[in-house]
Amino acid sequence: MNKTRPVPGGQSRKTGHGKALLLALMLCAGMGGIRAQELIIGSAAEAVEFAIRNSQTWTLRRQNTLLNMGAAKMGIQDFLPSLGFSLSESANPAILSGDSRIKSLRFSLSQQIFDGGKTKLAWEAGRLAALYGLEEFEGEYRNFLSTVMSLYCQYLLLQEMTRIREDLLVQAGEQLAIVKRETELGLGLETDYLEYENSYLEIEQERDQGLRDLAVLERRFKTALNLEEGAGLGLSGELSGPEAYFYYEPFLDFLWALVRDSSTAIKKLNYEVEYGRKQYNYSKRWFLPSISLEGSVSFSGDSYPLTEPNYSLQLSFDFSGPDFLSTGLSSGSSFDREGPRQLSNGLSLDLQPLPAYSMTQKQAELNMVESALRLRQAEQELRESLYELVISHDNTLRSAYNTEQRIVLMEKRLSFSQLQLERGEKKRIDYLKELSSLAQAKISLADYLTQAAALERNLEIQTGFPFGGLADACRNH
């Protein structure tokens, strides 16, 4: 924790977390989690790997998301022909004559030929919605992995804090015994002893609170790993920060380009603007009809088997037009083995009064403008969020660096204070305060490094880079 690092502003490679999974002792699967005598995890990478293997929820969610994508890609039913089949039988009783019985069997095939691209637009919208669903799932999944890594690092942090306070408590206890003995022999003031004992109790209380915090965090960690409450858990890794401090502020423009291209929310808003524009343009192209062709063959007669085929073809043109007017044109013919039997043409108009039509059109135009404004605002908010995240990360590293330098100076000062204490030139309560300040500085350093690591993972999630790969991408940019 106290090794010297480069001066702030220098850049160097950050090591990854690649280690093999270390699982100890026998594991057996249970309905509510994994039963284990003891699980030992040696790194954040091992914690992540175990969480992945032991999580059925994320496995099922991934499978469901992939199935949604496949279903959206194969949702081409609107492009395919529609098949029809009907069978009917009727009897018409007549007075003073025999009954008339007719049986009819009909097969039909209907295919849309042209609709100006509206069906394709709807299919693309569904496919992109499924794709964005997959990207959102991947983002949530990486957040889950980041949470596991953060819990692992926080666990190590609390362990380190407890160790530091325990060491301080041992040293304070040794000095307390000396102060007590000096007071009993009349070599020291009882007020000095009481003040020292009060400081000792405060350190002991902080140590005990740290142990309680560690117990609470252990329960959260077990939940993230899907371990049962009674399962044993041990962490064999060591808390460590980056080998060298790497600052992201000089690469802010590069990071923004990555974040903007990776943001699913921005992609969805972009497509919302584009989709709205296309829909509005299609509403203006009322002169482009939707064309469909229907062919059928029917058999009729008074008894089975039916042997009187009749064929028909019909071509239909549907002009959607403005919302208040719908126009349809159709032309068809039917024929049998003897030749044409019937030719038909049709025209239909459907007029529905819409007094507010001009206002609805204006509203559609305003909606397009509003969508573009929402996109611009979302990009601004995302850029500001990125800036704050980068500044927070870099400031945390600077604080860590400054704390490291303070620790070096405090340790040197403490060595002189120890000599002064031995010569009787410094009170033991003052020496205890210096020990406490040094311990607190070490705790602060560990906390800063843990925070910086979590902020860096957040950056990697937003930019879509693998954990540990963003710094290299910035260096190579």
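Above this text sits the structure in question.
Quantities reported herein were computed from a predicted structural model and do not represent experimental measurements.

Time to look at the layout of surface pockets. If you add up the space inside the second largest pocket, you get close to 430 Å³. In terms of lining residues, the second largest pocket is bounded by 17 residues, among which Glu-135, Gly-139, Ser-262, Thr-264 and Ile-461 are the most central. Of all the secondary structure elements, the ones that give two or more residues to the lining of the second largest pocket are α3 (118-184), α5 (252-262), α6 (264-284) and α8 (428-463). For the lining of the second largest pocket, a count of residues per class yields four nonpolar, seven polar and six charged.

Another point: the side chain of Glu-46. Note that Glu-46 resides in helix α1 (residues 44-53). Among the polar contacts listed, one links the side chain of Glu-46 to the backbone nitrogen of Gly-42, at a separation of 2.7 Å.

In this section: unusual backbone geometry. Phi at Asn-226 takes a positive value of approximately 65°, unusual for a residue other than glycine. Relative to the helices and strands, Asn-226 is located in the loop between α4 (190-224) and β6 (233-235).

A full pass over the atoms with the stated rule returns 22 salt bridges. Between Arg-428 and Glu-182 there is a salt bridge, and its shortest N-O distance comes to 3.6 Å. Of the two residues, Arg-428 is situated in helix α8 and Glu-182 in helix α3; the sequence distance between them amounts to 246 residues. In this structure Arg-428 comes out as buried when scored by relative accessible area, which is 19%. A residue is classified by how much of its surface remains accessible, and Glu-182, at 27% relative accessible area, is partly exposed. A salt bridge links Asp-208 to Arg-207; the shortest N-O distance between them is 2.7 Å. For Arg-207, a relative accessible area of 13% puts it in the buried group. Overlapping salt bridges, with partners in common, bring together Glu-160, Arg-163 and Asp-167 in one network.

With that out of the way, let us pick up the packing of aromatic side chains. The final tally for this structure, using the stated rule, is eleven aromatic pairs. Pairing Trp-58 with Phe-137 gives two aromatic rings, centres 5.8 Å apart and planes at 50°, and the pair type is tilted. Of this pair, Trp-58 sits in helix α2 (residues 56-73) while Phe-137 sits in helix α3; the two residues are 79 residues apart in sequence, bridging distant segments of the chain. Given a relative accessible area of 3%, Phe-137 falls into the buried group. Measuring from centroid to centroid gives 5.3 Å for Phe-85 and Phe-107, while their planes differ by 45°, and the two rings are tilted. Placement of Phe-85 in strand β4 (residues 82-92) and of Phe-107 in strand β5 (residues 100-114) is noted, with a sequence separation of 22 residues between them. By relative accessible area, which is 58% here, Phe-85 ends up exposed. Ring-pair connections join several aromatic residues into one group, and the members of that group are Trp-58, Phe-137, Tyr-141 and Phe-144.

Cut-off values and rules
- Residues numbered from 1 in each chain as written.
- Predicted model: local features only at pLDDT ≥ 70, side-chain atom pairs only at ≥ 80, totals over all residues.
- Heavy atoms only, no water.
- 1 Å grid on protein atoms, 1.4 Å probe; cavity = no way out; pocket = protein on both sides within 12 Å on 5 of 7 lines; lining within 4 Å.
- Points joined across faces, edges and corners; volume = space filled by probe spheres on them.
- Helix = DSSP H or I, 4+ residues; strand = E, 2+ residues; numbered from the N terminus.
- Nonpolar A, V, L, I, M, F, W, Y, C, P; charged D, E, K, R; others polar.
- Polar contact = N/O pair within 3.5 Å; in protein donor to acceptor, adjacent residues only side chain to side chain.
- Salt bridge = Lys/Arg side-chain N within 4 Å of Asp/Glu carboxyl O.
- Buried < 20%, exposed > 50% of the residue type's maximum accessible area, 1.4 Å probe, protein only.
- Phe/Tyr/Trp six-rings, centres within 6.5 Å; stacked < 30°, edge-to-face > 60°.

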